[in-house]
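Here are the chains, one letter per residue:
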Amino acid sequence: MSATVAAPAGEPAAFAFSDENQELAKRIIAKYPAGRQASAVMPLLDLAQRQNGGWLTQPIMDHIAAMLAMPPIRVYEVATFYTMYNHHPIGKHHIQVCTTTPCWLRGSDDVVAVCKRKLGIDLGETTPDGQFTLGEVECSGACVNAPVVQIGDDYYEDVGPEQMERIIDAFKRGETPPAGSQTGRQTSCPEGGPTTLKAFCTPQGADAQADD
């Protein structure tokens, strides 16, 4: 006998892509060979999540399973494995602080503490005004620029407590602070700047290369 599980508060009883997203979903599925449509599950989940205000529901996952002729459990497995998918409503600005070892060694605990203090919420919570949700992730894949904070689709790198305060204040003012390194680092160069092939960056080095 199977038990009936009540849907979370605010979860719609059904889901359908908008006309525009339905066409986009068809184009996404068409990228994969016949019989391999299940490979489209991740982009379709992302598309549906964006349409639904930033989170997934069981009806959404069931709808995508039907579209791709997949057992629903396989869609659930994907959707619950990746932190990019949310299963509860989130705020307008979803702040995700990486707390894995490289970011932790570089001070991500202090970044989390600033977020808690400035927003008045704990990890996994949303501010009463619905503007901010605070979360942590196990790895953002940008360890060389740790600590890393993802907000929406943007990565904020080399984030310390002071930078985090400025970022939050900017969002509160309705601004979107520039993403990327918050210390002026050039991409993923060492903090002190490039250390190899320096001669090729100077006229003298260029002359030497020409003489060779």
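Criteria and thresholds
Residue positions are given per chain, counting from 1 as you read along its sequence in written order. Two thresholds apply to this predicted model, a pLDDT of at least 70 for residue-level local features and 80 or more for giving and counting side-chain atom pairs, whereas whole-chain, interface and lining totals are computed over all residues. Working from all heavy atoms in the structure, the side-chain values ignore hydrogens and water. UniProt positions are given in the numbering used here, feature names are shortened, and annotations may be inferred rather than shown by experiment. Strands here mean DSSP runs of E at least two residues long; helices mean DSSP runs of H or I at least four residues long; both are numbered from the N terminus. Residue burial considers only the protein chains on display, and all accessible areas are found by Shrake-Rupley using a 1.4 Å probe. For cavity detection a 1 Å grid was placed over the protein atoms alone, and a set of points counts as a cavity when a 1.4 Å probe fits there but cannot get out; an open set counts as a pocket when protein lies on both sides within 12 Å along at least five of seven lines, with lining residues being those that have an atom within 4 Å of a point. Grid points are joined across faces, edges and corners, and a volume is the space filled by probe spheres set on the points. Residues are grouped as follows: Ala, Val, Leu, Ile, Met, Phe, Trp, Tyr, Cys and Pro are nonpolar; Asp, Glu, Lys and Arg are charged; every other residue, Gly included, is polar. Only protein chains enter the accessibility calculation, which uses a 1.4 Å probe; a residue is then buried when its area is under 20% of its type maximum, exposed when over 50%, and partly exposed in between. When checking whether two residues touch, look at their non-hydrogen atoms; a contact exists if any pair is within 4.5 Å. Strand pairing is assigned whenever DSSP detects at least two bridges linking the two strands. In this analysis an axis means a line fitted to C-alpha atoms, helices contributing only their contacting stretch, and an angle means the value between N-to-C directions, from 0 to 180 degrees. Working definition: roughly parallel below 35 degrees, roughly antiparallel above 145 degrees, roughly perpendicular at 65 to 115 degrees, and oblique for all remaining angles. In a left-handed crossing the near helix is turned counterclockwise from the far helix by less than a right angle, and in a right-handed crossing that turn is clockwise. Under the pairing criterion, centres of Phe, Tyr and Trp rings, with the six-membered ring standing for Trp, must be within 6.5 Å; the plane angle then separates stacked pairs below 30 degrees from edge-to-face pairs above 60, leaving the rest tilted.

Per an unreviewed UniProt entry, the protein chain is named NADH-quinone oxidoreductase subunit NuoE, and its organism is Azospirillum oleiclasticum. If you open the UniProt record of the protein chain and go to Sequence similarities (unreviewed entry), you find "Belongs to the complex I 24 kDa subunit family." Listed under Cofactor (unreviewed entry) in UniProt, the entry text for the protein chain is "[2Fe-2S] cluster".

**Student:** Explain the overall build of the protein chain to me, please; I cannot follow it from the model alone.
**Tutor:** Along the protein chain, the regular secondary structure elements total eight helices and five strands. Helices (α) and strands (β) of the protein chain occur, in sequence order from the N terminus, as α-α-α-α-β-α-α-β-β-β-α-β-α. Taken as a whole, the protein chain presents about 12600 Å² of accessible surface, with 53% of it coming from carbon and sulfur.

**Student:** Explain the layout of surface pockets to me, please; I cannot follow it from the model alone.
**Tutor:** Empty space left among the atoms is revealed by rolling a probe the size of a water molecule over them. Here the largest pocket defines a volume of roughly 480 Å³. Along the wall of the largest pocket there are 20 residues; nearest its centre are Met84, Gln96, Gln150, Gly152 and Asp153. Elements with a contribution of two residues or more to the lining of the largest pocket: helix H2 (41-51) and strand S1 (93-98). The class makeup of the residues in the lining of the largest pocket is five nonpolar, 11 polar and four charged.

**Student:** Explain the environment of valine 148 here, please?
**Tutor:** Relative to the assigned elements, valine 148 resides in the loop between strand S2 (132-137) and strand S3 (149-151). Assessed through its relative accessible area of 1%, valine 148 is described here as buried. Sequence spacing of valine 148 and threonine 100 is 48 residues, and the spatial spacing of their C-alpha atoms is 10.0 Å. Those residues in contact with valine 148 that lie beyond four places of it in its chain are Gln96, Val97, Cys98, Cys103, Ser140, Ala142, Tyr155, Tyr156 and Glu157.

**Student:** How do you make sense of the pairing of S2 when you look at a structure like this?
**Tutor:** Across a regular strand the side chains alternate sides, sitting on one face of the sheet and then on the other. Across the six residues of S2, five count as buried, placing the element largely inside the fold. As paired elements, S1 and S2 share six bridges and run parallel to each other. Looking across to S2, one finds that glutamine 96 is bridged to glycine 135.

**Student:** Even after reading the chapter, I still don't get the sheet that holds S1, so can you show me in this structure?
**Tutor:** Read across the sheet, five strands follow the order S2-S1-S3-S4-S5 without closing on themselves; strand pairing throughout is mixed. One side of each edge strand has no neighbouring strand; the edge strands of this open sheet are S2 and strand S5 (180-181). The strands touched by helix H6 (residues 108-119) are S1, S2 and S3; relative to S1, the strand with the most contacts, the crossing angle is about 155°. On the sheet, helix H7 (residues 161-172) packs against S1, S2, S3 and strand S4 (154-157) and is oriented at approximately 5° with respect to S3.

**Student:** Explain unusual backbone geometry to me, please; I cannot follow it from the model alone.
**Tutor:** Negative phi is the rule for most residues except glycine; trans is the rule for most peptide bonds. Alanine 146 connects to proline 147 through a cis peptide bond whose omega is -5°. The residue alanine 69 is not glycine, and still its phi comes out positive at about 55°. The topology assignment puts alanine 69 in the loop between helix H3 (58-67) and helix H4 (72-81). Even without a glycine there, the phi angle at aspartate 158 is positive, about 55°. Within the fold, aspartate 158 resides in the loop between S4 and H7.

**Student:** Looking at this structure, how should I read the packing of H2 against H4?
**Tutor:** In a packed pair of helices, the relevant descriptors are the angle between the two axes and the axis-to-axis distance. Contact pair H2 / H4: the axes reach a minimum separation of 11 Å and the direction vectors enclose 70°. Between H2 and H4, the crossing angle belongs to the class labelled roughly perpendicular. Viewed along their axes, H2 and H4 form a crossing whose handedness is right-handed. Here Val41, Met42 and Leu45 of H2 come into contact with H4, specifically with Val75, Val78 and Ala79. Here the contact of H2 with H4 is composed, by residue class, of six nonpolar, no polar and no charged.

**Student:** Hey, could you run me through the packing of aromatic side chains in this one?
**Tutor:** When we look at a pair of aromatic rings, we describe it by the centre distance and by the angle of the planes. Counted according to the given criterion, the structure contains three aromatic pairs. Ring geometry for phenylalanine 81 versus tyrosine 82: centroids 4.9 Å apart, planes at 80°, classification edge-to-face. By relative accessible area, phenylalanine 81 is classed as exposed at 61%. Using a relative accessible area of 35% as the deciding quantity, one classes tyrosine 82 as partly exposed.

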